[in-house]
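Structural description and commentary
Take a look at the letters that make up each chain.
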Amino acid sequence: GDSVTQTEGLVTLTKGLPVMLNCTYQTTYSPFLFWYVQHLNEAPKLLLKSSTDNKRTEHQGFYATLHKSSSSFHLQKSSVQLSDSALYFCASRNYNQGKLIFGQGTKLSIKP
Amino acid sequence: GGIITQTPKFLIGQEGQKLTLKCQQNFNHDTMYWYRQDSGKGLRLIYYSITENDLQKGDLSEGYDASREKKSSFSLTVTSAQKNEMAVFLCASSIEGGSAETLYFGSGTRLTVL
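As a starting point, this report considers the structure included with it. (Residues numbered from 1 in each chain as written. Chains lettered and ligands numbered in written order. Predicted model: local features only at pLDDT ≥ 70, side-chain atom pairs only at ≥ 80, totals over all residues. Heavy atoms only, no water.)

Observations concerning the side chain of S73(B)
All names here are of chain B.
- On the secondary structure map, S73 appears in strand β8 (residues 73-78).
- Judged by its relative accessible area of 14%, S73 is buried.
- Setting aside anything within four residues of it in sequence, one finds S73 in contact with C23, Q24, M32, S67 and R68. (Helix = DSSP H or I, 4+ residues; strand = E, 2+ residues; numbered from the N terminus. Buried < 20%, exposed > 50% of the residue type's maximum accessible area, 1.4 Å probe, protein only. Contact = heavy atoms within 4.5 Å.)

Written as structure tokens, this is what we have:
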């Protein structure tokens, strides 16, 4: 069946360093890919989304490129801030399918 | 803008008890969802509904019932709470449920079963 895999459970970094959070997916049909972010005690909210192969999409300093050849949609940022500490979920959804499938989530912890 | 309101924020129950969680949205969205969030397991879909009185099972529907009597509300019932169960239940909505649609989430109901 369809699935989304995030390999890192916890990523700890010092402020100012770059970050890449991994996301790979398995799907029968052409998917939409999403990144959602959840800050502590808050609701998850959309960070960015894409369905276009090899096109970079950006929001709030984060960016990701959907690569259908490798079934990947990794999230990156060139310089992390303390406020980026949160739980990040990768998710996918196919055409004609109502449900969104989430990965296990990656907790990003930024130290001063 | 709109908002999703989940009640209660915290729910403590006893083993075997039937527990109901409520969700209201004022976005006028067609599709609503219930997800369960466990530490280290991401968000798993319990039920979703594409319109009033519609119900679709997710991957985790066993042990739960849902009800969508109005477009703006979607309730979830834990039919028999399991001892030591702890999880956060998240309600969400989207305009149609199409492939590109963004989900808008509530802040969750945190369940503890004693």
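Some words on the nonpolar core
- One finds W35(A), L47(A), L48(A), L75(A) and Y88(A) to be the most contacted residues of the largest nonpolar core, which totals 24 residues.
- Secondary structure elements with two or more residues in this core: β2 (10-14), β3 (19-21), β5 (31-38), β6 (45-50), β8 (62-65), β10 (86-94) and β12 (106-111) of chain A.
- Those residues within four positions of Y88(A) in sequence are excluded, and the remaining contacts are Q6(A), L21(A), W35(A), Y36(A), V37(A), L47(A), F62(A), L75(A), G105(A), T106(A) and L108(A).
- The next biggest cluster of nonpolar side chains, apart from the first, holds 20 residues, and it includes I46(B), Y64(B), F89(B) and C91(B). (Core = buried A, V, L, I, M, F, W, Y, C linked by side-chain atoms within 4.5 Å.)

A few points about the packing of aromatic side chains
- A full pass over the atoms with the stated rule returns 13 aromatic pairs over all chains.
- Ring centres 5.2 Å apart and planes at 85° place the aromatic pair F102(A) and Y35(B) in the edge-to-face group. Taken as a pair, F102(A) in strand β11 (residues 101-102) and Y35(B) in strand β4 (residues 31-37) lie in two separate chains rather than in one.
- Here F102(A) falls in the buried class, since its relative accessible area comes to 9%.
- Pairwise contacts between aromatic rings join F32(A), F34(A), Y36(A), F89(A), F102(A), Y33(B), Y35(B), Y48(B) and F105(B) into one cluster.
- Between R56(A) and the ring centre of Y63(A), over which it is positioned, the NZ or CZ distance is 3.7 Å. (Phe/Tyr/Trp six-rings, centres within 6.5 Å; stacked < 30°, edge-to-face > 60°. Lys NZ or Arg CZ within 6 Å of the ring centre and 35° of its normal.)

Here's the deal with unusual backbone geometry
- In this structure, P8(B) follows T7(B) across a cis peptide bond, with omega equal to -10°.
- Within the element layout of this structure, P8(B) appears in the loop between β1 (4-7) and β2 (10-13).
- Positive phi values are uncommon outside glycine, yet N41(A) reaches one of about 60°.
- The residue N41(A) is located in the loop between β5 and β6 in this model.
- The exposure class assigned to N41(A) is exposed, which follows from its relative accessible area of 64%.
- In this structure, N54(A) is a non-glycine residue whose phi angle is positive, near 60°.
- Along the chain, N54(A) falls in the loop between β6 and β7 (56-59).
- The class of N54(A) is exposed, set by a relative accessible area of 51%.

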